[in-house]
Amino acid sequence: MELPPVIADWFATQGWSVHPHQQAMLDRSDAPALLLIAPTGGGKTLAGFLPTLAELADGTHQGLHTLYVSPLKALAADIKRNLTTPVAAMGLPIRIEDRTGDTSATQKRRQRADPPHILLTTPESLALLVSYEDAPRMFAGVQRVIVDEIHALAESKRGDQLMLALSRVQAMAPDLRRVGLSATVENPARIAHGLAHHPYPCEILFADPGPDPDIAMLVTDERPPWAGGGAKYAIPAVLEQVKQHNTTLIFHNTRAQAEIFFHNLWLANDTDLPIGIHHGSLDRDQRQRVEAAMVAGSLRAIVCTGSLDLGIDWGDVDLVIQVGAPKNVKRLIQRIGRANHRYNAPSKALLVPANRFEVVECVAALQAARDHDLDGDPPGPGPRDVLCQHILIRACAGPFTADDLFAEIRTVGAYSRLSRADFDACLDFCATGGYALRAYDRWKRLQLRDGLWHLRDPRATRDLRMNIGTIQDTDTLKVRLKGGFKPLGEIEEAFAATLTPGDTFLIGGEIVRYESLREMAVEVTRRADKPPKIATFMGTKFATSTQLSQRVLRMFRQDDWPDLPAHTAEWLHLQREMSKLPEADRILVESFVYDGRHQTCFYGFAGRNAQQTLGLLLTKRMEEMGLDPLGFVATDYATLVWGLTPVADPAPLFEDTALHDGFADWLAGNAVMKRTFRASATIAGLIQRNLPQARTSGRQATFSSDILYDTLTKYDPDHLMLQVTREEALRGLVDFGRIEEMLDRTRGRVDHVILPRVSPLAAPMLLEAGRIPIAGAGRERLMEDAATRLMTEAGLDTL
Amino acid sequence: MNTHVFRFGEQVLTALPSGALWWGDRRLLCVSDLHLGKADRIARRTGRMLPPYETRETLARLAADIALTDPATVLCLGDSFDDLMAADSLDVTDTAMLTSLQAGRRWLWAEGNHDPGPLALGGTHVAQHDCGGLTFRHIASATPHEISGHYHPKHAIPGTGTARPCFLTDGNRLILPAYGAYTGGLRATDPVLSGLFTGRILAILTGRRAICVPLTASAPSVRAGRWPGSRR
């Protein structure tokens, strides 16, 4: 396809030329599906939109022509800005609007009646759109869909939901052609499979990857601390870098770390450099102010999290700093791509390890980036909880036949091998609850009449639509200034529960003082007279990839570490001297006493999730062996268990058969499973999403989803939701695959080192957050002891 | 023994780890807030179909306690059914189970805020039950030596983990935990609950063992627990 003159001329007046991959996208614009792999800054988004602009240039198309879907609301808004300007300059007759959770209700209603030519939206908003009865009218003429940053969606349930929604759109608009835009990934074919409208193919186009990025580790005079994630030591060096560059993005792995770092950066910022903070827990207005300032070029640095991961154009970023180990080489490369949007110039990035262990991981990640060794795990089949939600969404839009819906769902890559039996089970779950005890004949959600499935109670659509989405929100409370109205942001309910009036914490980079709780909002003042408690945000915790863990273990084999800073090399030497360094083909176990508890540290290097599962499995075995474990904490490389009795011989804990045999039983009863169940049951519509406005003050009226899980496990162990939970947990939070990989490489070779005190490598574990208590005999003992002590103290022990 | 025996008024009572109260001298077993049929009511009202096994689970617990104590009287202290319609729609298995539990003993349904009025099932409906100087009723009033339910108290011993349903007593008043499977809890330290007591409050936690602990002995629990309604 040639560019129409009006667009070609405008390109010429701007002095722009069409990149080869942009021309390729035009040439192949009639393909049923196309995936473009291009580095950040490669003009990817324009490549996606050029065919749309060309097709709309003559002004003959009526109604919706192109759907643009991005993982972030902010990205949709940004694209709208960047697209509207040239479209206006060229005088093209094209109406562009966005539609996200932030769009007003009036605007949304109008869009359904009179849709724009180009609609920019998110997977959740699209799912909501297809749930309306009038969806066929809106989508009838759609020609193209562009899925931006598809790599960020491909490995998540949001991606699965999006592709299911697209199968609906495709059914209403058979001519729909699909385009995916992706950053560099390790396996483009996998993403293409997900995007394709099966059985039609999806072609892959590659843009020139550009020069290798210029990445290094930030060298500081100050040594990184033994533990912790704050990287406070690096503040002066980071400030120095900010001064030397125009605009710096400072990425953190978690929101809490971003808050702490921003606070410390601000304290040290004696030359008053304009620096902002941006993360998902901040209030929308505040985020938008920062975004606007960034676009205007009035900020020198922005402290951020994954909320800035994706390709929003923030102007002239010339340095990316990653604070904390990157955990995953692929994501590191994608983040680094954020620096320097000029095509064909290398991006510049610095890694700032937060502690000594992260120094090792950062060096390993640098090596992997240089070797172009990207990481990734194969995806499983499409999750059935998302499928259940999709069936309910379909029901909201009107009656349907099971055959049609099944055929439609099988066109989605992730569900292309879905069996009819599995589909029917999901449909039955949506209709009757799917229980072995058929208790709900009178209250079925879906009823079959004349071959068509209907919602029994049409009023249910409101509830179902409110529940759309696959992102799990933790229970959060808004934080606002006393007497003020605008919220500053949100904190987790669990954190709020630990606050006493007078306590201070960090939010949006400022210290605030907790005053009271009013109408489900935390009221604070700016009086900061105490050192802050740190607001804990759940944030996603990524596990260090297998590839990166293996690199670290390979580094440990070296006699010396010239690549590492002296302090870190010394630390490893000290560990080798005092204990041992972990090896890839053996499991190192260290035991020592700390805080009055017997502590045992298991180095498995299996990533955070698998180490967590290992913690659950090991504590179960320890419980059986009478070792009274009280709890554990897991990091990417080790699991630390504490209890009331010392572990004399850890080898039997790792016996393959014992771990496997215990697995099924164990799996049923643990906290991770319950958390996973809660997430899946919410997605599938069994539990209502916890909406702030729906919360009641009568707290005894609500009960924990753990009770539902326990009941199902006992009375209906084969229920669909438990199958989904097990499947989910095995590859996600439980990650048993990586435990098997660890058992396979170590084959029962366990080295047990008993130490008089904590080892250099184990020290960080003691400070790690996310401790998980074990409800076993040890806990019972502890409770009884505590109760006896409290009774004695109160003088009630003789009663 | 995994139970907790304590004096209340002139009587000696036993808190069972299940959350039931056993009065040995009168051979009376008292349970509160069974909320039978809760899943059915939720399905009826919201369309959400929760695992429909909670009635079975609750009755199984009750059966175990009855087998253990062999009571002459079973007193269900209100909110036994999530609502009257839930009582009418118990399935045959659950109804048969309930009938077999009632056989050979006196069965009293005290009225609750969820299930006022008489029931079609066996047993006697009472507004409250007075016996041996003790008063049993669903919601606490100003009566001395009174045993009630309704609030679903729960408590966590500071530093030892999550909250469990619990009995609360100050010697003059006793509040029972919710016995039903699908019930949540209200923090014992919530002023709504702790404000009902005048004396020193003891919490008796349920679980594997009934564990007795003073409610106000440790500052952290009070601070953490006061949170939801605290206004200074």
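Residues numbered from 1 in each chain as written. Chains lettered and ligands numbered in written order. Predicted model: local features only at pLDDT ≥ 70, side-chain atom pairs only at ≥ 80, totals over all residues. Heavy atoms only, no water.

Chain B is annotated in an unreviewed UniProt entry as Putative phosphoesterase from Loktanella fryxellensis.

As annotated in an unreviewed UniProt entry, chain A is ATP-dependent helicase Lhr and Lhr-like helicase from Loktanella fryxellensis. Listed in UniProt under the heading Sequence similarities (unreviewed entry), the comment for chain A reads: "Belongs to the Lhr helicase family. Lhr-Core subfamily." (UniProt positions renumbered as here; feature names shortened; annotations may be inferred.)

J.: Tell me about the packing of aromatic side chains, and please be specific about residues and values.
T.: A ring pair, where both rings are aromatic, is described by two values, the distance of the centres and the angle of the planes. Residue and element names in this part refer to chain A. Evaluation of the coordinates by the stated rule reveals 19 aromatic pairs over all chains. Relative to Tyr637, the ring of Phe357 has its centre 3.8 Å away and its plane inclined at 10°; by these criteria the two rings are stacked. Here the residue Phe357 occupies a position in helix H15 (residues 356-370), and Tyr637 occupies one in the loop between strand E23 (629-634) and strand E24 (638-643), the gap between them amounting to 280 residues. Accessibility expressed as a relative area gives 7% for Tyr637, which makes it buried. Between Phe556 and Phe605, the ring centres sit 5.9 Å apart and the planes meet at 85°, which makes this aromatic pair edge-to-face. Here Phe556 is found in helix H21 (residues 546-556), whereas its partner Phe605 is found in the loop between strand E22 (597-603) and helix H23 (608-624), with 49 residues between them in sequence. In this pair, the class of Phe556 matches that of Phe605, namely buried. (Phe/Tyr/Trp six-rings, centres within 6.5 Å; stacked < 30°, edge-to-face > 60°. Helix = DSSP H or I, 4+ residues; strand = E, 2+ residues; numbered from the N terminus. Buried < 20%, exposed > 50% of the residue type's maximum accessible area, 1.4 Å probe, protein only.)

J.: Residue-level account of the packing of helix H17 (residues 402-409) of chain A against helix H18 (residues 420-432) of chain A, with values.
T.: Residues and elements named next belong to chain A. The interhelical angle for the contact between H17 and H18, taken along N-to-C directions, is 120°, at an axis separation of 11 Å. With respect to each other, H17 and H18 are oriented oblique. Regarding H17 and H18, the two cross each other, and that crossing is right-handed. Residue-level inspection shows Ala402, Asp403, Leu405, Phe406 and Ile409 of H17 in contact with H18, the latter providing Arg420, Phe423 and Leu427. The residue inventory of the contact of H17 with H18, partitioned by class, reads six nonpolar, no polar and two charged. (Axes fitted to C-alpha atoms, helices over the stretch in contact; angles between N-to-C directions. Parallel < 35°, antiparallel > 145°, perpendicular 65-115°, else oblique. Left-handed = near helix turned anticlockwise from the far one by under 90°. Contact = heavy atoms within 4.5 Å. Nonpolar A, V, L, I, M, F, W, Y, C, P; charged D, E, K, R; others polar.)

J.: Go over the nonpolar core with me, naming the residues and quoting the values.
T.: All names here are of chain A. Ranked by internal contacts, the top residues of the largest apolar core, which has 89 residues, are Phe139, Ile391 and Met721. If you tally residues by element for this core, the top one is helix H16 (residues 384-397), at eight residues. If we skip the residues at most four places from it in the chain, Ile391 touches Phe400, Leu405, Phe423, Cys426, Leu427, Cys430 and Leu446. In terms of nonpolar packing, the next biggest core, distinct from the first, is built from 56 residues, Ala349, Val360, Trp571 and Met765 among them. (Core = buried A, V, L, I, M, F, W, Y, C linked by side-chain atoms within 4.5 Å.)

J.: Before we move on, can you summarise the pairing of strand E4 (residues 28-31) of chain B with the specific residues and values?
T.: All names here are of chain B. Alternating positions in E4 separate into two faces, Leu28 and Cys30 on one and Leu29 and Val31 on the other, with burial throughout. Summarising the sheet, strand E3 (residues 21-23) and E4 pair through three bridges and their orientation is antiparallel. By the bridge assignment, Leu21 is partnered in E4 with Cys30. (Pairing = 2+ DSSP bridges.)

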